[in-house]
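If you want the building blocks of each chain, they are given just below.
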Amino acid sequence: MIIQYANLSDMVAKMSGYLGTHTAFLCEENGKFVRHSYGSFASDVQNRAAKLAFYGHTCIGIVCHLCYETIVEIFAANLAGMQIVMLSENLGIEQIQSLITQMDMDCIYGCEGDFVLGKGVSDGRDRILFFTSGTTSSSRAVVLTGTSLVKAAWNGSYSLPLSQDDVLLCLLPLDHVFGFVCGMLWGLNCGAAVALGRGRRHYGDDGMYFHATAVSLVPALFGFLMKHRLFNKELRQILIGGASCDPVLMRHAQQLGFHVAFGYGLSETSSGAAISVSGDMLAMSVCIEDEIQIASDGEILIRSDACMMQGYYQQPDATEQVLRHGVLHTGDLGFFDDLGRLHITGRKKEMLVLNDGTKIFLPEYEKMLCDALGDQEAAVMVKDGRLVLVYGGNRTRMEVDEVLEHVMRQVAYSHRIQDVVMLGHVLPRTANGKIRRYVLQEEVE
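Details of the overall build of the protein
In terms of helices and strands, the protein carries 13 helices and 25 strands. Radius of gyration (C-alpha) of the protein: 22 Å, near the 22 Å computed for a compact globule of 445 residues. Along the three orthogonal principal directions, the C-alpha set of the protein runs to about 70 × 50 × 45 Å. The burial tally for the protein puts 54% of its 445 residues in the buried class.

Given below as structure tokens:
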């Protein structure tokens, strides 16, 4: 049963009537296997919302531990009319304090410490703020709503439905939009049971522990589970998103009998905007609540009245750079095939245009270098007008130079690396494994 809810509050209000005693969440609490029904979850949310409303706070920061209590708090805060700021559980006290001021939080849930709280907000009802690249002081806070997130879950459910008999394994952080929507709301929207993972050390056995039939994964975690053959026998559906994924690995999973789907979306669109539903896993159908066009330079443009962000929190200039007249300029490159299916080819920012007009597509170029170096700690950038390799692996400078000397013989002269920067530590990356190029650029310069 796929239910089209209006927003998170509507979901809570209707859960008991539609699903009652059916299991909503499976988790481990104090070493015991625990089930929470849809009816009891709705009751817990409503009771907690009444308390939050009594306290009178307006903007809450929630440290997103993957547990039942945190999910109750998120739904309850939304029901109480509070603006919610989704915070990573990996933040330090100083980082949280900095974000409290920036995001106007007047209360916080999920961590201990003596914090100086912010002023709160007057217009935060239904707003839920997610950060674009993990919660840091330099990350942008995307203003979404409970309404847009539920609509995004409907998008996914319509394209890739689950049944009430399914168990969706949630392993991804809730402070990431993909984890929140596709790791949790997707299951709730279909009336399935959502199993809350028990942490990194249980990645290999959570599927067996909960008898999961479906799971949402980022490519790095998918690759780890595939490499070590850690999928349980009941699993049938794998949804991959959050970053590009090796198609060979996905085809291998298909050959093993799994139904593998790949989704494309952004934090700014409340998660998925297109998803592969059959055949070629990288050929995606546009979701029902979205419109996608390809600009003349190949950039993917998205319009979605239901799922689009309101903007970046208190950053109107940054918002106007990407959201123009209701159309999101994604920075991604792609095309439609003859069947009208979307293919992603890369990022505009991942294409270097040199002074002579030469274009270098970084993912392919960096993969070639990483394969030659034997690790994944190589990035390419322009410094002082020269093409340079930034290396953060364990090889010495002499070893890197030797590898480059061999590899560059196979590369056009205009594409050749002209210098090497030994970083001294691994490359800075997002939680999904993408290189944080702006951070790297600042450090190297």
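Having put the structure on the table, let's press on.
Some thoughts on the sheet that holds strand β5 (residues 107–109)
One open sheet holds the 6 strands; their spatial order is β5-β3-β4-β6-β7-β17, and the pairing between them is mixed. This sheet does not close on itself; its edge strands, each paired only once, are β5 and β17 (311–312). Note that strand β3 (residues 59–63) and β5 share 3 bridges and pair parallel. Bridge pairing in β5 places G61 opposite I108.

Side note on empty space enclosed by the protein
All chains considered together, the criterion is met by 1 cavity of 30 Å³ or more. A volume near 70 Å³ is recorded for the largest cavity. Taken together, L169, L171, Y203, G204, D206, G207, V215, L225, L230, F231, N232 and L235 make up the lining of the largest cavity.

Details of the packing of helix α8 (residues 219–227) against helix α9 (residues 247–255)
It is the contact of α8 with α9, at a shortest axis distance of 11 Å, that shows an interaxial angle of 50 degrees. With respect to their mutual orientation, α8 and α9 come out oblique. Once α8 is placed against α9, the crossing between them reads as left-handed. Of the residues in α9, those in contact with F222, G223 and M226 of α8 are L249, M250, H252 and A253.

Cut-offs and rules
- Starting from 1, residues in each chain are numbered consecutively following that chain's sequence as written.
- For a predicted model such as this one, the threshold for reporting local features is a pLDDT of at least 70, and the threshold for listing and counting side-chain atom pairs is 80 or more; totals across whole chains, interfaces and linings nevertheless cover every residue.
- Note that the side-chain values use all heavy atoms of the structure and ignore hydrogens as well as water.
- Think of it this way: any DSSP run of H or I at least four residues long counts as a helix, any run of E at least two long counts as a strand, and we number them from the N terminus.
- Values of the radius of gyration come from C-alpha atoms, whereas the globule rule sets the reference at 2.2 Å times the count of residues to the power 0.38.
- Note on classification: 1.4 Å probe, protein chains only; a residue is buried when its accessible area is under 20% of the maximum for its type, exposed when over 50%, partly exposed between these limits.
- The criterion for strand pairing is that DSSP finds at least two bridges linking the strands in question.
- Think of a 1 Å grid over the protein atoms and nothing else: a 1.4 Å probe that fits but is trapped marks a cavity, an open set flanked by protein within 12 Å on at least five of seven lines marks a pocket, and residues with an atom within 4 Å of a point count as lining.
- Grid points are joined across faces, edges and corners, and a volume is the space filled by probe spheres set on the points.
- Orientation is described by lines fitted to C-alpha atoms, with helices fitted over the stretch in contact, and by angles between N-to-C directions that extend from 0 to 180 degrees.
- Throughout, the term roughly parallel applies to angles under 35 degrees, roughly antiparallel to angles over 145, roughly perpendicular to angles from 65 to 115, and oblique to all others.
- Handedness of each helix crossing follows the sense of rotation of the near helix against the far helix: counterclockwise by less than a right angle gives left-handed, clockwise gives right-handed.
- Contacts are residue-level and defined by heavy atoms, with any inter-residue pair within 4.5 Å sufficient.

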